[in-house]
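A look at the structure
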Amino acid sequence: MIVVVFCSIISMLLTYLDSKERLRNGMAFSFVLLAFLGVIHYDYGNDYMAYYNIYNSIIDYKGSVTDILSGDVYKDVGWTVLCLLFSHFGGFFVLIAAISIFENFTYYFLIKKFVPQRHWAFALFIYLFNYTYYLLNFSMLRQGLAIALGVMAVILLKKTTHKYILPILLLFVAFSIHSSSLICSLAYLLCFFQYKNTKSLSIILSVLFVVFILSRDFMASFIEPFLVFDTFDGFLEKYSERGQVSGLGLLFLVNSIPLFVAASLYYKEATLSIDEKHLLLLASIGVMIVPFSTIALMISRLAIYFSVFSIAAFPVMYSKISDHGLRAGLVSLFIVSQLYSYYDFFTSDTYGVPYNDFKTIFSVL
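In this text, all values refer to a predicted model and were calculated from it rather than measured experimentally.

Looking only at helices and strands, the protein chain features 18 helices and zero strands. By the burial criterion, 54% of the 365 residues in the protein chain qualify as buried. Nonlocal contacts in the protein chain, meaning residues at least 24 apart in sequence, comprise 80% of its contacts between residues at least 6 apart. When the accessible surface of the protein chain is summed, it comes to about 16,100 Å², and 67% of that surface belongs to carbon and sulfur atoms.

Written out as structure tokens, the structure reads:
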């Protein structure tokens, strides 16, 4: 815990200096440090050893290519292929290192490409201190990788000429690694619309959010039959069984504020680029899904595929608030709520022990 928190603070400082143009490449150094922690970590988080055992069972299996493609070796074919591939290129530790490097590069790229430099520190704060992203990636190895692949697909759609083939390939790979990432396809498709009438979009988001809260029992019972992913099984389901999603209390209301800020900007038809409209919409959908998680807890795992775009969307969104006092108040409230959840994460029964002592691969090499 101390190691991760300390490195997170150092990364924030480096990025802040970079955002003020006092340290060139400060944010790049930050992500190198963050990726390095991921590269060297060992048995840190809830499911590291479970994945290690899965890896060993996969490479020890003597089945045919047909067995692999049919899911007989392991239910997610893409993960099976990755394990078999890295068994010839360094083993499990190298696989974990490659995943960490790719994930942190993806989020570095997300911030650098979509967030103005002066807001980089705020974006990194969301990535680090919303435990759902950087911290949980130490545990949810498959889904964390699938989410990063989905994010990279959207980045490539927006910032490169590879608008179709490569992003779609990444989405396919993500689905083969964690079947819940099928929802990434929706995020990808939403980015093709122009949303010229943002006032209507504001009304739709606000009304749907209220309806979802008032009828969440009915809506959850309607959605649950569609959640047939085997990936939400025993050793991973506990991620969605956090106290933060057990009820619609004060913290939920505070965390819902960004949705209404976004709706307000849409309604006022504030000056937003098409990229900003898309990212803000995706992040808002992530907030809207939260009420369902109080009934069908696994749904909170699906929300991450959308809420992850808040890393880039929220800094831009808050910068659009013209009233300085209101902006400062809302940002402060947001930061306090994130820090509270971050503290609660490290002191919880579910994560406290697995995330307490940071161990490295050097202890077993």
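Having seen the model, we can carry on.
Side chains bearing opposite charge may pair, as long as their charged atoms lie close to each other. Evaluation of the coordinates by the stated rule reveals four salt bridges. Its salt-bridge partner being Arg142, residue Asp76 comes within 2.4 Å of it at the nearest N-O pair. Of the two residues, Asp76 sits in the loop between helix H4 (65-70) and helix H5 (77-86) while Arg142 sits in helix H8 (residues 141-159), which places them 66 residues apart along the sequence. Exposure remark for Arg142: the relative accessible area of 0% places this residue in the buried category. Lys320 is paired through a salt bridge with Glu276; the nearest N and O atoms lie 3.6 Å apart. In this pair, Lys320 sits in the loop between helix H17 (310-319) and helix H18 (324-347) while Glu276 sits in helix H15 (residues 274-289), placing the two residues 44 residues apart along the sequence. On the basis of relative accessible area, Lys320 is assigned to the partly exposed category, the value being 31%. Connected via shared salt-bridge partners are Lys158, Lys159 and Asp275.

Further remarks concern empty space enclosed by the protein. For the structure shown, the criterion picks out five cavities of 30 Å³ or more. The calculated volume of the second largest cavity comes to roughly 100 Å³. Lining the second largest cavity are Gly38, His41, Ile96, Ile99, Ser100, Glu103, Asn104, Tyr127, Tyr134, Asn137, Phe138 and Leu141. Among the elements that take part in the lining of the second largest cavity, helix H6 (residues 92-114) stands out by supplying five residues, more than any other. Here the lining of the second largest cavity is composed, by residue class, of six nonpolar, five polar and one charged.

Taken together, the side chains of Tyr164, Ile165, Ile168, Leu189, Phe192 and Phe193 make up a nonpolar region of the molecular surface, amounting to roughly 670 Å² of accessible area. With respect to the helices and strands, Phe192 occurs in the loop between helix H10 (184-190) and helix H11 (198-214).

Inside soluble globular proteins, nonpolar side chains tend to come together where they are buried. Residues Trp79, Tyr107, Tyr127, Ile311 and Tyr318 are the most contacted members of the largest nonpolar core, which totals 118 residues. The element best represented in this core is H8, accounting for 13 residues. If sequence neighbours within four positions are ignored, Trp79 has contacts with Tyr51, Ile54, Ile58, Tyr74, Leu95, Ile99, Leu141, Arg142, Leu145, Ser176 and Ile177.

Let us look at H5. For an α-helix, 3.6 residues make a turn, and residues three or four places apart therefore share a direction. Every buried residue of H5 is accounted for by Gly78, Trp79, Thr80, Leu82, Cys83 and Phe86. On its buried face, H5 is in contact with helix H3 (48-60), H4, H6, H8 and helix H9 (165-177).

Turning our eyes to something else, we now look at the packing of aromatic side chains. By the definition in use, this model includes 33 aromatic pairs. Between Tyr42 and Tyr48, the aromatic rings sit 5.3 Å apart at their centres with planes inclined by 75 degrees, giving edge-to-face as the arrangement. Summarising the burial analysis for this pair, Tyr42 and Tyr48 share the class buried. Aromatic pair Phe345 and Tyr351: ring centres 4.4 Å apart, planes at 20 degrees, arrangement stacked. Above the plane of the ring of Tyr267 lies Lys199, whose end atom (NZ or CZ) is 5.0 Å from the centre.

In this model, the protein chain carries a mean pLDDT of 85, and residues with pLDDT of at least 70 account for 87%. Of all the helices and strands in the protein chain, helix H13 (residues 234-237) carries the lowest mean pLDDT, 41, while helix H7 (residues 120-129) carries the highest, 97. Contacts for the low-pLDDT stretch residues 229-246, under 50 throughout, to residues beyond four places or in other chains number 58 contacts.

About the criteria used
Residues numbered from 1 in each chain as written. Predicted model: local features only at pLDDT ≥ 70, side-chain atom pairs only at ≥ 80, totals over all residues. Heavy atoms only, no water. Helix = DSSP H or I, 4+ residues; strand = E, 2+ residues; numbered from the N terminus. Buried < 20%, exposed > 50% of the residue type's maximum accessible area, 1.4 Å probe, protein only. Contact = heavy atoms within 4.5 Å. Areas by Shrake-Rupley, 256 points an atom, 1.4 Å probe, with all protein chains shown as cover. Salt bridge = Lys/Arg side-chain N within 4 Å of Asp/Glu carboxyl O. 1 Å grid on protein atoms, 1.4 Å probe; cavity = no way out; pocket = protein on both sides within 12 Å on 5 of 7 lines; lining within 4 Å. Points joined across faces, edges and corners; volume = space filled by probe spheres on them. Nonpolar A, V, L, I, M, F, W, Y, C, P; charged D, E, K, R; others polar. Patch = residues over 30% accessible without salt bridge, like charges linked within 9 Å, V, L, I, M, F, W, Y side chains within 5 Å. Core = buried A, V, L, I, M, F, W, Y, C linked by side-chain atoms within 4.5 Å. Phe/Tyr/Trp six-rings, centres within 6.5 Å; stacked < 30°, edge-to-face > 60°. Lys NZ or Arg CZ within 6 Å of the ring centre and 35° of its normal. pLDDT = per-residue confidence, 0-100.

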